[in-house]
Amino acid sequence: MQKIAFVGFGVVGQGLAEILLEKKQILKKKYGYEYKVVAVSDFTKGSALDQKGLNLSKLLKLAKKGKISEYPGAKTGLDAVRTIRQSGADVIVEVSYTDIKTAEPAYTHFKAALGAGKHLVTTNKGPTALYFRELAALAKRKKAAFRYEGTVVAGTPVVNLTGTCLAGNDITEVRGILNGTTNFILTSMEKGKSYEAALKEAQRLGFAEADPTADVEGFDAMAKVIILAKSLMGADIGPKDVKRTGITRITLKDVEEARAAGMRWKLIGKVKKTGRGVAASVRPEKVAVTDPLASVGGAKNALTFVTDLLGEVTIVGPGAGRKETGFALLADLLAIDRTAK
Ligand SMILES: NC(=O)c1ccc[n+]([C@@H]2O[C@H](COP(=O)([O-])OP(=O)(O)OC[C@H]3O[C@@H](n4cnc5c(N)ncnc54)[C@H](OP(=O)(O)O)[C@@H]3O)[C@@H](O)[C@H]2O)c1
């Protein structure tokens, strides 16, 4: 029986809780997977801890009202670190917000979880991108799992795919569309919308934040490139090592000219092994329409792995979303459960 504590209970946390609830019977029947959610700690919604297990339907109802601390009979008022320490959980699901400059408060949560020998499952790019080596070493020392599938293109398998199905290959290059918002904007521009109108539409549909900087200037894709470089290629790089350009200077004229030449503009995140380490970049690139990445439209994401044994392998799928990202966490929870058996 896996005992789970959530740190952060917003879109993704609740998405995972809904999946766990809906699939409880099938997960037990098909995979022999059983779980108990023992604690949740969220910044404004409050916290609840009961080592006997919290009822997920009740928890989700309270979370929607922003009143987790009204969970009857549970210990309440605990911040994230005290929740990690007192919960008795063996897995911490860290789904608080991403800060790509400081990685806090998640970095503190990661260290508290792994330092206490608890498995850590996350979709949070901040600490994973900035402190990957240190966290992986801490996890190893404490014999705990550190799993982060959902930090790169949500539940579309990347980390787990390369770690299992592509194991044995030398992955020499990874390139792809790592940000759905910018791909949505560029695809809208191909239909004749200006950059400004396409961004407004992305904001109206909930793909883009009110402040779209992290997406349109390539910071979000940069964090994913760093995670890929560190985890797939063992490279020791940080934000200053990634050549980063956003999409804000792409004009309708550029899009038209590319179309006339049989090309499409895409914001491409790339990391490539070189003789002296890796070269990493995020920038708009013209991609030939025959390239699998060119046909990936809207908010979809895609990655091409260049391997020595299999050649090029491309995976296409969602890069965000409540259930889509919740699934990444589920895949990691199931993987931890499998290795424990
Ligand atoms: N949404 C996606 O499609 C997606 C896809 C891939 C990766 N991610 C990553 O997954 C993580 C969660 O995303 P999300 O969409 O669920 O974000 P979200 O809806 O904003 O949820 C984050 C939650 O964390 C809580 N939180 C903030 N500081 C905290 C603290 N110190 N202790 C405990 N809880 C704290 C927030 O609380 P309050 O709001 O109540 O203050 C909020 O409920 C982020 O790191 C994000 O980058 C998201």
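Since the model is a prediction, treat every value here as computed from it, not as a measurement.

Here's the deal with the overall build of the protein chain
Within the protein chain, the regular secondary structure consists of 14 helices and twelve strands. Scaling as 2.2 N^0.38, a compact globule of 341 residues should have a C-alpha radius of gyration of about 20 Å, and the protein chain matches this with 20 Å. Considered along the principal axes of its C-alpha atoms, the protein chain spans approximately 65 × 45 × 40 Å. Burial status across the protein chain gives 49% buried among its 341 residues. For the protein chain, contacts bridging at least 24 residues in sequence account for 71% of all contacts bridging at least 6.

Observations regarding the site of the ligand
In the neighbourhood of the ligand, 26 residues make up the surrounding shell, with G8, G10, F43, T44 and A320 lying closest. Taken together, the elements giving at least two residues each to the shell around the ligand come down to α1 (11–22) and β2 (35–42). Here the shell around the ligand is built from residues that sort into eleven nonpolar, twelve polar and three charged.

So, the domain arrangement of the protein chain
Under the domain assignment used here, the protein chain contains domain 1 (2–155 + 322–340) and domain 2 (171–317). Using only C-alpha atoms to locate each centre, domain 1 and domain 2 end up separated by 29 Å. Breaking the side of domain 1 that touches domain 2 down by element, the ones donating at least two residues are α6 (125–130) and α7 (132–141). No other element matches α6, which puts four residues into the side of domain 1 that touches domain 2. Split by residue class, the side of domain 1 that touches domain 2 holds six nonpolar, two polar and two charged.

A closer look at unusual backbone geometry
E104 connects to P105 through a cis peptide bond whose omega is 0 degrees. Position of P105 relative to the elements: it lies in the loop between β4 (91–94) and α5 (106–115). The backbone of A103 sits at a positive phi, close to 70 degrees, despite the residue not being glycine. Within the secondary structure, A103 sits in the loop between β4 and α5. One non-glycine residue, V153, adopts positive backbone phi at about 45 degrees. Here V153 shows up in the loop between β6 (146–147) and α8 (159–163). Here V153 falls in the buried class, since 29 other C-beta atoms lie within 10 Å of it.

Observations regarding helix α10 (residues 195–204)
Taken residue by residue, α10 has Y195, A198, L199 and A202 as its buried positions. Across the axial projection of α10, the buried residues extend over an arc of 100 degrees, all falling on one side. Across α10 from its buried face, at more than 90 degrees, point the exposed residues E196 and R204. Tucked inside the fold, the buried residues of α10 contact α9 (180–190).

What about the sheet that holds strand β11 (residues 301–307)?
Taken in spatial order, the six strands of this open sheet run β8-β10-β9-β7-β11-β12, and their pairing is mixed. The two strands at the open ends of the sheet, each matched to only one other strand, are β8 (242–244) and β12 (311–317). When the angles between neighbouring strand axes are averaged without regard to direction, this sheet yields 20 degrees. Pairing between strand β7 (residues 171–177) and β11: six bridges, direction antiparallel. Within β11, the position partnered with E173 by the bridge is V306. Relative to the sheet, helix α12 (residues 219–233) contacts β7, β8, β9 (263–274) and β10 (277–288), its axis offset from that of β9 by approximately 35 degrees.

A word on the packing of α1 against helix α3 (residues 56–64)
Helix packing geometry: the angle between the two helix axes and the distance between the axes. Put simply, α1 and α3 touch, their axes get as near as 10 Å, and they point 155 degrees apart. With respect to α3, the element α1 is oriented roughly antiparallel. For α1 against α3, the interelement crossing comes out left-handed. Facing α1, whose interface residues are Q14, A17, E18, L20 and L21, α3 presents L56, S57, L59, L60 and A63. Residue composition of the contact of α1 with α3, by class: seven nonpolar, two polar and one charged.

Quick word on the pairing of β9
Relative to β9, β7 runs antiparallel, the two being bridged by four bridges. Pairing of V174 across the sheet is with V271, part of β9. In the sheet, β9 pairs with β10 via twelve bridges, with the strands oriented antiparallel. Looking at β10, one finds that K270 is bridged to S281. Here β9 hands over to β10 after two residues, the two strands then running antiparallel side by side.

Rules and cut-offs
Residues numbered from 1 in each chain as written. Predicted model: local features only at pLDDT ≥ 70, side-chain atom pairs only at ≥ 80, totals over all residues. Helix = DSSP H or I, 4+ residues; strand = E, 2+ residues; numbered from the N terminus. Rg over C-alpha atoms; globule rule 2.2 N^0.38 Å. Buried ≥ 20, exposed ≤ 12 C-beta atoms within 10 Å, placed from the backbone. Contact = placed C-beta atoms within 7 Å. Near = placed C-beta within 6 Å. Nonpolar A, V, L, I, M, F, W, Y, C, P; charged D, E, K, R; others polar. Domains from an automatic or database assignment. Arc of directions from axis to C-beta. Pairing = 2+ DSSP bridges. Axes fitted to C-alpha atoms, helices over the stretch in contact; angles between N-to-C directions. Parallel < 35°, antiparallel > 145°, perpendicular 65-115°, else oblique. Left-handed = near helix turned anticlockwise from the far one by under 90°.

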